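Structural description and commentary
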Number of protein chains: 2
Amino acid sequence: MTRTLDSDPRRDGYRMPGEFEPHAGCWMLWPERPDNWRLGGKPAQAAFVAVAAAIAGSEPVSVGVAAAQYANARRLLPPAVRVVEISSNDAWMRDVGPTFVVNDRGGLRGVDWKFNAWGGLEGGLYFPWDKDDAVAQRVLEIEGCDRYRAPFILEGGAIHVDGQGTVITTEECLLNRNRNPGLSRGEIEQRLQRYLNVETVVWLGRGVHLDETDGHVDNLCAYVKPGEVVLTWTDDRSDPQYEISRDAYERLMTARDACGRRFKVHKLVQPGPLHTTDDEAAGVDAAAGTKPREAGVRMAASYVNFYLGTKRVVAPLLDSKRDGAALRKLKALFPGREVVGVPGREILLGGGNIHCITQQVPAARTRRK
Amino acid sequence: MTRTLDSDPRRDGYRMPGEFEPHAGCWMLWPERPDNWRLGGKPAQAAFVAVAAAIAGSEPVSVGVAAAQYANARRLLPPAVRVVEISSNDAWMRDVGPTFVVNDRGGLRGVDWKFNAWGGLEGGLYFPWDKDDAVAQRVLEIEGCDRYRAPFILEGGAIHVDGQGTVITTEECLLNRNRNPGLSRGEIEQRLQRYLNVETVVWLGRGVHLDETDGHVDNLCAYVKPGEVVLTWTDDRSDPQYEISRDAYERLMTARDACGRRFKVHKLVQPGPLHTTDDEAAGVDAAAGTKPREAGVRMAASYVNFYLGTKRVVAPLLDSKRDGAALRKLKALFPGREVVGVPGREILLGGGNIHCITQQVPAARTRRK
């Protein structure tokens, strides 16, 4: 039974836990649209299968698939992965799925944000996006979780929380006039406070260079644990990413979180720079209303775009010269977890990476005070 | 996690329980096709909503809905009913859903029969039926149940079991050459024995007069409890139904079930006869490949086509002159349950009734020997 609630998580004593807290499972969607994924989506499907298989070694995985691709997805995904029918416009479960919130009495609910395809008719990536906007509700129906329908456009990739009162986000995305133009910075903070149940909003500036989501934080910076984050980095001052990462670093070093802590910031060197090839761009359909994929464009590649599973960190392999160092760094940051690399270029070609295509379901837990 | 198993329920110690045994829930589908349901399916949708609401008072109900009707179904169904996306060709969950089987150690699995729309290209009711044939798997994925894919065409409405080794079925349906023409009566019995884990097949002759399913038993005769059945009946010797019910009665009175019992047979007077009106037929689209709905045709109306829920019996109201007596009879037969009548004519117009549009999920239980 899924009720749609009129209140908000803060009022009801629910909070979004950190991704590093234990999970009950993970949700994904299935890529298929040929105007975003090359060669009819087949290489991306193989990449998603590898991601699902890797996460399934850590926690239960469910994949939502539109009817016409169901049999194909069921055939390609491992038997341990649950496949259910869910229509969507594309496959970014982080951004279209629910943000789960928990209380300390075993409750689990979902926030269903409004979605406009990363900017609606002013810079959004495709039109229409009605099926995407309905995904969160379908996930919540299957999970049997009550739902908050937040009156506010937000994507899950635009926020990272520590579960202890702090959210990190970016001005480039949340203050963009193509999201919630009627809301001031203060009003946006209030909404984050109510729907995530946080006290402190840590504002970074811009996201990764050329990130078409308008700078989602999850491609730039992620929590390792409360008070500790990992930031994509380059030492090349001629790279536009340098100033972005430098600015984020400085903001983090001067910020205090909701618990009064200073941040410990780990730098994770970026791959590439990576650019789309002629071959890759040629495999994508042109379509009215969809942002074209052109050859030679620099992609917003980042190792920070990993999934932080209960037992495994699943990170993208993107650049043979840098992958080894990136995985070693993640192993050092997550000593209690296995770090698994999965080829991520085919996901990156579609505009995101492993974190963008996943959404964790936190474990509902009862806590003694 | 849903595995497809190569064995069969008998070999694995699973059996189909009687519908009168406790349920974990009930599955339904959502009617929409305008070539079977009049007026764009709206009156049928209202009837399905009433059925779902009535059963939801007894046990959890899940309704599968194709993507395009999801928002409408979610709006119309009560909040307590779970709505999930499942594509289908029509809305007969009894016939296209899984037949659940249990063991005595808390196990729950599903049999996914092959489906050919009640006769395939030789008298079937519509073409194609590929989405229907895929419904059972989707239900089992959501339920997390392992699956037996039975190499055999069968609809759930063609069988009733006592959970103690007996299945009742009809020759008209199971021996029809439009189902499994390569199999003899004995071979069909063997398959029922393996997939339902029964010993004894009680063969009735024909189903209800003009039943377009080729005589499904669930419109004719249903278990009240082991050894005791309810049979649709008329005392009018000029009605073609008289000979059918009389023959079934005699076969039942001479049969023994797997436990060696004789049957106690309760007669339940039929409604009507009921015929489609001009208005009703006029509201249905003509479509290539679909059996037309014509005015003045007698419908296979029966009060036996009820849902036997854990706490409630949900029965169709079909005939103001007979409904009262039918409900009283059901109340007498099921003294431990509430008997709820729901208007059934709009379901009957589509070719079946409440039992046909529902599929119970038995409660998984651990039994001491």
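Cut-off values and rules
- Residues numbered from 1 in each chain as written.
- Chains lettered and ligands numbered in written order.
- Predicted model: local features only at pLDDT ≥ 70, side-chain atom pairs only at ≥ 80, totals over all residues.
- Helix = DSSP H or I, 4+ residues; strand = E, 2+ residues; numbered from the N terminus.
- Rg over C-alpha atoms; globule rule 2.2 N^0.38 Å.
- Buried ≥ 20, exposed ≤ 12 C-beta atoms within 10 Å, placed from the backbone.
- Contact = placed C-beta atoms within 7 Å.
- Nonpolar A, V, L, I, M, F, W, Y, C, P; charged D, E, K, R; others polar.
- Pairing = 2+ DSSP bridges.
- Axes fitted to C-alpha atoms, helices over the stretch in contact; angles between N-to-C directions.
- Least-squares fit on C-alpha atoms with pLDDT ≥ 70 in both.
- Right-handed = clockwise from strand over helix to strand, strands pointing away.
- pLDDT = per-residue confidence, 0-100.
- Expected span 1.5 Å × (residues − 1).
- Arc of directions from axis to C-beta.

1. Comments concerning the overall build of chain A
Summing up its helical and strand segments, chain A has 11 helices and 17 strands in all. Computed over its C-alpha atoms, the radius of gyration of chain A comes to 19 Å, within 12% of the 21 Å expected for a compact globule of 369 residues. Across its three principal axes, chain A shows a C-alpha extent of roughly 55 × 50 × 45 Å. Residue burial in chain A is summarised as follows: out of 369 residues, 55% are buried. Of all intrachain contacts in chain A linking residues separated by at least 6 positions in sequence, the fraction that spans at least 24 positions is 74%.

2. With respect to the environment of M28(A)
All names here are of chain A. Tracing the backbone shows M28 in strand 2 (residues 23-29). Separated by 24 residues in sequence, M28 and A52 place their C-alpha atoms 7.8 Å apart. The contacts of M28, once residues within four sequence positions are left out, are F48, A52, V61, V63, M93, I357 and T358.

3. Let's talk about the interface of chain A and chain B
Each partner contributes residues to the interface: chain A has 18 residues there, and chain B has 18 residues. Mapped onto the side of chain A that touches chain B, the elements with two or more residues apiece are strand 4 (82-85) and helix 5 (130-143) of chain A. Residues that form the side of chain A that touches chain B fall into these classes: 10 nonpolar, three polar and five charged.

4. Overview of the sheet that holds strand 12 (residues 228-233) of chain A
What holds strands together in a sheet is hydrogen bonding between their backbones, with the strands either parallel or antiparallel. Residues and elements named next belong to chain A. Taken in spatial order, the three strands of this open sheet run 11-12-13, and their pairing is mixed. What marks the edges here is a single partner per strand, and that holds for strand 11 (221-225) and strand 13 (264-269). Neighbour-to-neighbour, the strand axes of the sheet open up by a mean angle of 30°, direction not taken into account. Most of the contacts of helix 8 (residues 240-254) go to strand 12, to which it runs at about 165°, and overall it touches strand 11, strand 12 and strand 13. Along the sheet, helix 10 (residues 323-333) makes contact with strand 11, strand 12 and strand 13, crossing strand 13 at roughly 160°.

5. Section: the relation of the copies chain A and chain B
When chain A is brought onto chain B, the operation consists of a screw motion whose angular component is 180° and whose axial shift is 0.0 Å, with 0.0 Å RMSD remaining. Expressed as an axis order, the relation between the two copies is that of a two-fold axis. No C-alpha of chain A approaches the rotation axis more nearly than that of E85(A), which lies at 2.8 Å. In this assembly, 100% of the residues forming the interface of chain A have copies in chain B that are likewise at the interface, indicating an isologous arrangement.

6. Some details on the sheet that holds strand 15 (residues 312-317) of chain A
Residues and elements named next belong to chain A. Taken together, the three strands give an open sheet; going across it, the order is 14-15-16, and neighbouring strands pair in mixed fashion. Since the sheet does not close on itself, it has two edges, and those belong to strand 14 (307-308) and strand 16 (338-343), each with one partner. Pairing geometry for strand 14 and strand 15, over two bridges, is antiparallel. Paired with Y307 across the two strands is V314, which belongs to strand 15. Sheet contacts for helix 2 (residues 42-56): strand 14, strand 15 and strand 16; angle to strand 16, the most-contacted strand, approximately 170°.

7. Brief notes about the pairing of strand 7 (residues 146-153) of chain A
Residues and elements named next belong to chain A. Note: strand 1 (residues 4-5) against strand 7, two bridges, orientation parallel. Among the inter-strand pairings, L5 is bridged to a residue of strand 7, identified as Y148. Alignment of strand 6 (residues 108-114) against strand 7, held across five bridges, turns out to be parallel. Residue G110 lies in a different strand from strand 7, and its bridge partner there is R147. Read from strand 6 through helix 5 to strand 7, the crossover connection turns out right-handed.

8. Looking at the confidence of the model for chain A
Should pLDDT be low for a region, the predicted coordinates there are not to be read in detail. For chain A, the average pLDDT comes to 96, and 99% of its residues sit at 70 or higher. Here the prediction assigns the complex a pTM of 0.90, and the interface score ipTM is 0.84.

9. Some remarks on helix 9 (residues 240-254) of chain B
In an α-helix, one full turn covers 3.6 residues, which means residues spaced three or four apart are oriented alike. Residue and element names in this part refer to chain B. For helix 9, with 15 residues, the first-to-last C-alpha span of 22 Å sits near the 21 Å given by 1.5 Å per residue. All buried positions along helix 9 are accounted for by Q241, I244, S245 and A248. Around the axis of helix 9, the buried residues are gathered within 90° of arc, so they sit on the same side. Summarising the geometry of helix 9, the exposed residues directed more than 90 degrees from the buried face are M253 and T254. Buried residues along helix 9 sit against strand 10 (200-204), strand 11 (221-225) and strand 12 (228-233).

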